[in-house]
Amino acid sequence: MHAHQVELLENGREFFTRAFEVIASARQEVLLETFIWFWDDVGKALLDALETAAMNGASVDVTVDGFGTVDLPEECMDRLQRQGIRLHIFDPTPRFFGWRPKWIGRMHRKLLVVDGETAFVGGINYADDHVVENGPHAKQDYAVMVRGPIVAEIRHFMRTVVDNGLGYLQKSRWARFRRLPTAWQDIGRDRKALFVTRNNADRQDAIERYYLMSIRSAEEEIAIANAYFFPSYRMLRHMRMAVERGVRVILVLQGNPDMEYARAAASTLYDYLLDADVELYEFLERPLHGKVAVFDREWSTIGSSNLDPLSFSLNLEANLFILDKDFGEALRGRIDALLAKSKRITREDVTRQIGLRHLVRIVAFHVARRFPRWLKRFPGYRQQFDHTISPQDE
C-alpha cells in the first residue's frame, strides 16, 4: 500500500492527466463509475488508458449512467469487447419519440479505484467540456486523489456494486433509522477521511446529514461552492443560525450556468440568504460544476453531490469528507480564486419579497423541493442496474 496521500485536482487537465496515467499503469484491477462518458477527445483518451490496463492483465469494469452516457459508437463497443472490458449501464433509458424521459434518479457518482491503491473522488465527468482550454463553456470542477486505507473502503463499495448491482440495497421500513457511516480512516498526523455515499435504501440522507453536522459545528467560517443549489429549508435555517452565532458563511453559485434552471432555482433563495447575512457570490467566468465545501479551513468535502433535491432525494452520490488542515487550506484557496472571478450579490440586486409574493415563494419552494421525491413513487422511475456488455455478448 502506498503512503498516505491526499491531492486536490482542479478541472479536467489536472484530473485527466493523473487519472489516465494511473489507469494505464494498472496491473490488477480498474473500477470506474461515471455519470457521463462522451465519445470526444477525452472519452477516446479514457478508452486508450483502459485498453492499456486490460493489455497489462488488469480486470476492468466501467459503470456508466444510462441517461448521462448514451450513444457510444460501435467502434468503442468493439474495442471494449476485444480487450475484455466490461461495461455496466445503470438504468438504461429507451427513447420515446427521440426523447429520454427518465432524467431523475440517476447514478451520478464519479469514482475511480486502480489496483486497490489509488482512488479518485469528485465531480468531473469524462468529457471535453471539463477542459478549461476548450473555451468559456468549459466547466469549473474539482476532484481528489487519495492513497491509503480509505481506498480499500471505496474499492469494497465499488466492487459490491459491480458484483451485485443494486440488489443488495433493499429498502426497509427501518432504513431511515440506520446509523450514519462512521468509519473514519486515519490518514496520518491527526488527519482523517470518511467516504459517504447516498442511495435510496439505507443511506437516503447520509451526505446531507454530514453537511448539516458540519454547518452546525463550524465556529469561524463556512465556504461552499456548489453548482446546483436548492437545499432543504433545514439547511437554509442552519446557515442562518451559523451567521447568528458569528460564523462567516460564503456561498459561491453559478452566474454563468450550464443549465438555466440551476440559476433560476437558486435565485429564488437569494432574498432569504441576504436577509440571513450570508455572503452570496455568482461565479461568472464559466459554468461552475463543483460540489465542494470547507468548514473552519480544516474540515472539507468534495464529491458528486449537489445541494439540491435530485442529489439529496433521488440520485446515487458519493462524497469524501476530509479532516486535514493542509487540504482544507488548499481547497479554501481554490474557493478564493473563484471569488476573485465572481460577482457579489447584494440587496440592490434582489427585490425584497413581501406579502403575497412572499407567500407564493414559500409554497413554490416546498413544492419544488418535494416534487422529485413524489416522482420516484411512480413505477416508471424505479432504479435498475440491469445491463452489462461484456466479451460474452459477442
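Summary of the structure given here. Predicted model, so just to flag it, every value in this text is computed and none were measured.

Looking at the sheet that holds strand E9 (residues 192–198)
Part 1: With respect to topology, 9 strands assemble into an open sheet ordered E8-E9-E15-E14-E13-E10-E11-E12-E16, the strand pairing being mixed. The open sheet terminates on both sides in strands that have one partner only, identified here as strand E8 (185–186) and strand E16 (342–345).
Part 2: Bridging between strand E13 (residues 291–295) and strand E14 (residues 299–303) involves 4 bridges; their strand directions are antiparallel. For Phe295, the partnering residue across the bridge sits in E14 and is Trp299.
Part 3: Relative to E13, helix H10 (residues 325–339) is tilted by about 120 degrees, and along the sheet it contacts strand E10 (221–226), strand E11 (248–254), strand E12 (279–283), E13, E14, strand E15 (317–323) and E16.

So, the side chain of Arg286
Part 1: Residue position: Arg286 is located in the loop between E12 and E13.
Part 2: Under the relative-accessibility criterion, Arg286 is labelled buried at 10%.
Part 3: The contacts of Arg286, once residues within four sequence positions are left out, are Val132, Pro136, Ala138, Lys139, Gln140 and Asn256.

Here we look at helix H5 (residues 206–217)
Part 1: In this model, H5 (12 residues) spans 17 Å end to end at C-alpha, consistent with the 16 Å of a helix rising 1.5 Å per residue.
Part 2: Among all positions of H5, only Ala206, Ile207, Glu208, Tyr210, Tyr211, Leu212, Ser214 and Ile215 are buried.

A short note on the pairing of E15
Part 1: Extensive coverage of E15 is indicated by the burial of 6 of its 7 residues.
Part 2: Bridging between E14 and E15 involves 5 bridges; their strand directions are antiparallel. If you follow Gly303 over to E15, its bridge partner there is Asn319.

Overview of the environment of Arg234
Part 1: Mapped onto the secondary structure, Arg234 falls in helix H6 (residues 233–244).
Part 2: Judged by its relative accessible area of 37%, Arg234 falls in the partly exposed class.
Part 3: Between the C-alpha atom of Arg234 and that of Leu212, which follows or precedes it by 22 residues, the distance is 8.4 Å.
Part 4: Discounting chain neighbours no more than four positions away, the residues touching Arg234 are Glu208 and Leu212.

Cut-offs applied
Residues numbered from 1 in each chain as written. Predicted model: local features only at pLDDT ≥ 70, side-chain atom pairs only at ≥ 80, totals over all residues. Heavy atoms only, no water. Pairing = 2+ DSSP bridges. Helix = DSSP H or I, 4+ residues; strand = E, 2+ residues; numbered from the N terminus. Contact = heavy atoms within 4.5 Å. Axes fitted to C-alpha atoms, helices over the stretch in contact; angles between N-to-C directions. Buried < 20%, exposed > 50% of the residue type's maximum accessible area, 1.4 Å probe, protein only. Expected span 1.5 Å × (residues − 1).

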